[in-house]
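Spelled out, the chains give:
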Amino acid sequence: MALFKKKTSRDESYYMASQWTLMWRKLQKHKLAKFSLVLLLILYLGALFADFIAPYGLEEFSALYKNTAPTKVYWTDEDGNLCRPYVHPLKKTNDRKTFKVVIAEDTSTKYYLDFFVEGIEYKLFGFIPTNVHLYGLVDEEGNPAPRTGSSAGRINIFGADTNGGCIFSRILFGSRVSLTVPFVSAALSFVLGILLGGISGYFGGWVDNVIQRIIEVLSAIPSIPLWMALSAAIPPGISVSAMYLYITIILSFIGWTGLARVVRGKFISLRQEDYVTAARLAGVSDFSIIVRHLVPGFLSYLIVNLTLGIPGSILGETSMSYLGLGMKAPATSWGVLLKETEDLVSVAQYPWRMIPLIFVVITVLAFNFLGDGLRDAADPYK
Amino acid sequence: MRKYIGKRLLMFIPTIILISFVIFFIIQLPPGDYVDSYVGALAAEGEIFTEEEILELRKQFGLDDPWIIQYFNWVKDIILRGDFGYSFEYGRDVWSVIMDRLYLTLAVSFIILIFQYGVSLPVGIYCANHQYSAGDYIWSFFGFIGTATPNFLLAIIIMYYIYVTTGNVYLGLFSTEMLQNGMRWEYVPEFLGRCAIPLIVIGTSGTCGIIRTVRAQMLDEQARQYTLTARAKGCSEWTITYKYCLRAALNPVVSGLAGSLRTIFSGSTVSAIVMNLAIQGPVLLTALKSQDMYLAGTIVLIQAVLVLVGTLLSDIALAWLDPRIRFSERS
Amino acid sequence: MSENTQPIIRVRDLHVGIPMDEGLLTPVRGVDFEIYPGETLGLVGESGCGKSLTSKAILGINDNKCFSIGEILFRPDVKQPAVDILSLERVSKWKPLMPWTITQRLEERVHDIARFEAARRVGDPIRPIPGKKKEAIRQLRAIRGKQISMIFQEPMVAFSPMYTIGNQINECTRLHITRDRHESKRITLEMMKMVGIANAEKRYDQYPHEFSGGMLQRALIAMALVCKPRLLIADEPTTALDVTIQAQILELMQSLQKELGMAILFITHDLGTVAKMCDRVAVMYLGKIVETGPARDIYKNPQHPYTRGLMGSVHKIGTLKQDRLFSIEGTVPLALNLQPGCGFYDRCDARIEGLCDKVTPTLTPCDGQHCVACHRCQRKEEA
């Protein structure tokens, strides 16, 4: 018979590509999802390099800068010419006539904005000791400006909190908690969900019944009251890392139920598929059927579910911290920062305290968009 | 159909018992009990209790038993006498504390539920029919902002905005006059106005979820073969959308009813604390903090039971909507 | 079927394109045919050759992401002027041009111009007058179901599971014949009995999931015939059914055709059915008609290599077991970014290098009404 012309490789690759390649390709076409992915990467890198990027440590506050607005950066000198960016430090003076304490910019002193400035000591990634920070202030000679005390010169790009701490630094340190808690708890619910859902769907019978009832019960109790009740059970005065662990567990306490339900449903429906029967007839073991044939069949779906579940955990963490049931100062998270906005009065007086909210909103949105993109991409042949 | 409902009702009872058990277990988890926090609070004011007095107090409140016995006593009293226990904090029985705010809580939740579905169904249908139009994008934008902002902060932002623009602070659901003079007809508009903020705050997150579900479902259904059949028959697009697609698309929306109730209860708990609403959220928080366990337990239990009722209602509605479910239940 | 009778439908140079990320998909690339009253035209081809899209284009019910170019002239009556269903469809789907859709539309236009020979006709009313949209929709709806109706491939999904069969068939009656409840129900029941649904009164109130596949197909036929259409499009009406029911359904269609005097466009990939049902046959390959003519001619004397391949791949009772069935190598290529040249070139055993892969063959008569689009056959004619 006739030879036939080879089709162009591009056409061919569409049919030959693996599910993951197709998913990745499709995701790249989803511009919003791609953008979200980049944004999230930046946020997570920010959390990873928090000590480096943040100009000040958590304990470095200066009472002089209490509740001050974002520091003004000057780009022009007295004559109006463009020059090296600088800031004026604040200075406390006593008005002799009115006996009032006046805090104002000390225009006689200039601290220059500089990169890679020495500051508080920290360990990068937990083991490289260094004291270099991405940016900071230096004086005329190039020595780092004092960061605390009465003559402190500080640059708080997002303003300062009630203690005079830098909100930007706190947001970065807070992101370590706020960005990883939902992730870890999502991973935890992922494992729990697949395990329990899988057991439930694969074995059936009374095991299935018991797990189903537990899921039903847990998903009938509204999540925030449940979280509140569980966090009330956290013993007071425990270390930050233990607190972290507790919150993670509490958040994953509900997350797994939905996932388990899905996994169970998929197991039951996939168990009857012809290819599973075929594998069984070919002598493939049960475990191998589950791992090699069943789970890949809906893994992409689960990952989508997981991504879409993360925003809920982020909001849960902020809500809990806000109610005073989660992380507490001096440990910081975005929820703790938002708790400090507290009421109308403080929002009206110090609007920059709402800046952490922007980060929460952006993160939640990014996870939502990414999840949406993944969901579309998970159905690659559509 | 009647048999189906009966069967569902019967399954209700073991689930409620299991829920009450789980709730009680969680509520009693915190170390110590109400007596500890009571004694601690008084000790801070300089009043010191002796060991015997503390033991006596415990005995009086029935807190000296192991928790499982306490649980059985609690359940026994609920079933036999409709007695939900004693609130240590308020010094009277739990049911009377709850009744103070129950109707208002239910009314607020119900109004929010109606609001959610009333807004999200038409919007979802609109977005599906005008996929990728400007309206679709605008609604998606609002929807995402709504889901992405924590409820309580949205409350603060809205209240701040109202304060700046009108100079009034709409805290709570009732004005002072209303509380002094009792509810009168002329107060209804203001009451509804005051309801608007919690409505928006608590309602938005759920609304967006439903909009997205409706939109996705409608798009799914519109791609089905039967819409093609209907179009080939000469049906109008209106008939195709509302008679065929919508009815099929309602399925997941209706089964999400219980989920909506849950988010409303969740959302209202935190937002009520921020906005100082006289519903059960703030009571629950203080009860949890002071280990007033029967009160906290009962509030969570009531919410859970309401969610279960929601599940039941949505199952019945599903059976009514979708003949396939009706038939599979019958056989 | 004499020369002077008017065809009930005349499809001229129909193209259907689907813009995709990878390029322009062109499942239908210039289809011409006409159907006369009372006759049956068989449209034959492998799956994916554009049969279904062609048939849906006739009703104007293709997906919104498809766009069609060409002309579909429908003339239900000799006295009436013909209407162009395609332009009606375009008017009915007209949307005001918004800034955010302009780029998209432009891209589509570029695709049209670059890829479609048909788009050279600039006078095509791509963007018609908006005021006539309502009128166009009304006209289209009056044609659909009443004048032209369609039987779909898969009866199991063609009905909405939410409503009873009676409700869904009756909807057609009420739309086109009478608003009177009792009268329309009577007509519907009559048609249900006519297509052989036993116990029609009871079946009327049952849901699709209570029907068997064959019964659903009958119900679907009843729905298509209840308004006594002038043209029936049967899109592989029997592929989902088993053989005994197939025969029953085909016979039913034939007897109904005699009774109602309608024309049938019979779409299938089953040549046996075509032989039984059709007066004329058009063979489609990769979005083009490659051979058309009276059924007898095509069966006796297939010209196009593809048609010959198709004929060779049919079981015939009486052939010896050892005789291998003929099979055409390869698969239908994806109609994506196609270059000029014969679509069958890759798989053809009689191709002419340098001609078949460069020049698209056109449909030319070879024997009376028998036409074929193949360079090899044309050379033979000339010789």
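Residues numbered from 1 in each chain as written. Chains lettered and ligands numbered in written order. Predicted model: local features only at pLDDT ≥ 70, side-chain atom pairs only at ≥ 80, totals over all residues. Heavy atoms only, no water.

**Points about the nonpolar core**
- Counting residues in hydrophobic clusters, the biggest one holds 157 residues, and the most contacted among them are A:Met228, B:Ile19, B:Ile23, B:Trp74, B:Met218 and B:Leu295.
- Those residues in contact with B:Ile23, other than ones at most four positions away along the chain, are A:Ile221, B:Gly297, B:Val300, B:Leu301 and B:Ala304.
- Counting residues in hydrophobic clusters, the runner-up holds 105 residues, among them B:Leu228, C:Leu286, C:Ile289 and C:Ala295. (Core = buried A, V, L, I, M, F, W, Y, C linked by side-chain atoms within 4.5 Å. Buried < 20%, exposed > 50% of the residue type's maximum accessible area, 1.4 Å probe, protein only. Contact = heavy atoms within 4.5 Å.)

**Some words on the domain arrangement of chain A**
Residues and elements named next belong to chain A.
- The domain architecture assigned to chain A consists of domain 1 (60-165) and domain 2 (168-377).
- Put simply, the middle of domain 1 and the middle of domain 2, counted by C-alpha atoms, are 40 Å apart.
- Opposite the eleven residues of domain 1 that make contact, domain 2 presents nine residues.
- Summing both partners gives a buried area of about 830 Å² for domain 1 against domain 2, and 64% of it is carried by carbon and sulfur.
- Considering only the surface of domain 1 that becomes buried against domain 2, Asn67, Phe158 and Asp161 emerge as the three largest contributors, covering 61% of it. (Domains from an automatic or database assignment. Buried area = accessible area lost by both parts, 1.4 Å probe.)

**Here's the deal with the interface of chain B and chain C**
- Taken residue by residue, the interface counts 24 residues in chain B and 27 residues in chain C.
- In this assembly, chain B packs against chain C so that about 2,400 Å² is buried in total across both faces, 63% of it on carbon and sulfur atoms.
- Run the count over chain B and chain C and you get two salt bridges.
- One salt bridge in this structure joins B:Lys233 and C:Glu171, with 2.9 Å as the shortest N-O distance.
- At the junction of chain B with chain C, the criterion picks out ten residue pairs in polar contact (both at pLDDT 80 or more).
- Those elements giving two or more residues to the side of chain B that touches chain C turn out to be helix H10 (225-233), helix H11 (237-255) and helix H15 (323-330) of chain B.
- When grouped by side-chain class, the residues that make up the side of chain B that touches chain C number eleven nonpolar, six polar and seven charged. (Salt bridge = Lys/Arg side-chain N within 4 Å of Asp/Glu carboxyl O. Polar contact = N/O pair within 3.5 Å; in protein donor to acceptor, adjacent residues only side chain to side chain. Helix = DSSP H or I, 4+ residues; strand = E, 2+ residues; numbered from the N terminus. Nonpolar A, V, L, I, M, F, W, Y, C, P; charged D, E, K, R; others polar.)

**A short note on the sheet that holds strand E6 (residues 128-138) of chain A**
All names here are of chain A.
- Ordered in space as E1-E2-E5-E6, the four strands form an open sheet in which the pairing is antiparallel. At either end of the open sheet lies a strand with only one pairing partner, and these are strand E1 (74-76) and E6. Strand-to-strand twist across the sheet, computed as the mean angle between neighbouring axes with direction ignored, equals 30°.
- Where strand E2 (residues 82-87) lies against strand E5 (residues 111-124), two bridges are found, and the strand directions are antiparallel. Across the sheet, Val87 pairs through a bridge with Tyr111, a residue of E5. (Pairing = 2+ DSSP bridges. Axes fitted to C-alpha atoms, helices over the stretch in contact; angles between N-to-C directions.)

**Focus: the side chain of C:Thr40**
Residues and elements named next belong to chain C.
- Within the element layout of this structure, Thr40 appears in strand E3 (residues 40-44).
- Taking relative accessible area as the criterion, Thr40 reaches 1% and is therefore assigned buried.
- Leaving out residues up to four positions away in the same chain, Thr40 has contacts with Gln257, Ile264, Phe266, Met277, Cys278, Asp279 and Arg280.

**Looking at a negative patch on the surface**
- A cluster of acidic residues, B:Glu45, B:Glu47, B:Glu51, B:Glu52 and B:Glu53, forms a negative patch on the protein surface.
- Structurally, B:Glu47 is set in the loop between helix H2 (34-44) and helix H3 (51-61). (Patch = residues over 30% accessible without salt bridge, like charges linked within 9 Å, V, L, I, M, F, W, Y side chains within 5 Å. Areas by Shrake-Rupley, 256 points an atom, 1.4 Å probe, with all protein chains shown as cover. Lys, Arg positive; Asp, Glu negative; His and termini not counted. Charge placed at Lys NZ, Arg CZ, Asp CG, Glu CD.)

**What to know about the interface of chain B and chain A**
- Tallying the contact residues gives 42 residues for chain B and 42 residues for chain A.
- Of all residues in chain B, B:Ile26, B:Phe144 and B:Arg262 bury the most surface against chain A, accounting for 16% of the area lost on that side.
- Put simply, chain B and chain A have zero salt bridges between them.
- Connecting chain B to chain A are three residue pairs in polar contact (both at pLDDT 80 or more).
- Secondary-structure elements contributing two or more residues to the side of chain B that touches chain A are helix H1 (2-27), helix H6 (134-148), helix H7 (151-166), helix H9 (188-222), helix H12 (257-275), helix H13 (280-289) and helix H14 (293-321) of chain B.
- Considering every element that reaches the side of chain B that touches chain A, the biggest residue donor is H1(B), with eight residues.
- Residue composition of the side of chain B that touches chain A, by class: 32 nonpolar, six polar and four charged.

**Thoughts on the pattern of salt bridges**
- Under the counting rule described, the total for this entry stands at 26 salt bridges over all chains.
- Across the pair A:Asp161 and A:Arg170 runs a salt bridge, and its minimum N-O distance is 2.6 Å. Residue A:Asp161 shares its accessibility class with A:Arg170, and that shared class is buried.
- A salt bridge links C:Asp357 to C:Lys358; the shortest N-O distance between them is 3.9 Å.
- Its relative accessible area of 52% is what places C:Lys358 among the exposed residues.
- Taken together, the shared-partner salt bridges in this structure form one network comprising C:Arg10, C:Arg12, C:Asp32 and C:Glu34.

**Looking at the pairing of strand E4 (residues 101-105) of chain A**
All names here are of chain A.
- Relative to E4, strand E3 (residues 90-94) runs antiparallel, the two being bridged by five bridges. In the sheet register, Asn94 faces E4, and the bridge partner there is Val101.
- A loop of six residues connects E3 with E4, the two strands running antiparallel in sequence, and Phe99 in this loop sits at a positive phi of about 55°.

**Concerning a nonpolar patch on the surface**
Residue and element names in this part refer to chain A.
- Residues Leu45, Leu48, Phe125, Phe127 and Ile128 make up a contiguous nonpolar surface patch of about 480 Å² in total accessible area.
- Among the secondary structure elements, Ile128 is positioned in strand E6.
- In this structure Ile128 comes out as partly exposed when scored by relative accessible area, which is 35%.

**Some details on the sheet that holds strand E6 (residues 148-151) of chain C**
Residue and element names in this part refer to chain C.
- Strand order in the open sheet made by the eight strands is E6-E7-E8-E3-E9-E10-E12-E11, with mixed pairing throughout. For this open sheet the edge positions go to E6 and strand E11 (364-367), each flanked by a neighbour on one side alone. Strand-to-strand twist in this sheet, taken as the mean axis angle between neighbours without regard to direction, amounts to 20°.
- Where strand E10 (residues 288-294) lies against strand E12 (residues 370-372), two bridges are found, and the strand directions are antiparallel. Considered in E12, the bridge of Glu291 is made with Val372.

**Some thoughts on the side chain of A:Ser333**
Residues and elements named next belong to chain A.
- Summarising the element assignment, Ser333 is placed in the loop between helix H10 (286-322) and helix H11 (334-339).
- Looking at Ser333, its side chain comes within polar contact range of the side chain of Glu317, at 2.8 Å.
- Setting aside residues up to four positions removed in sequence, Ser333 forms contacts with Gly174, Val177, Ser178, Glu317, Ser321 and Met327.

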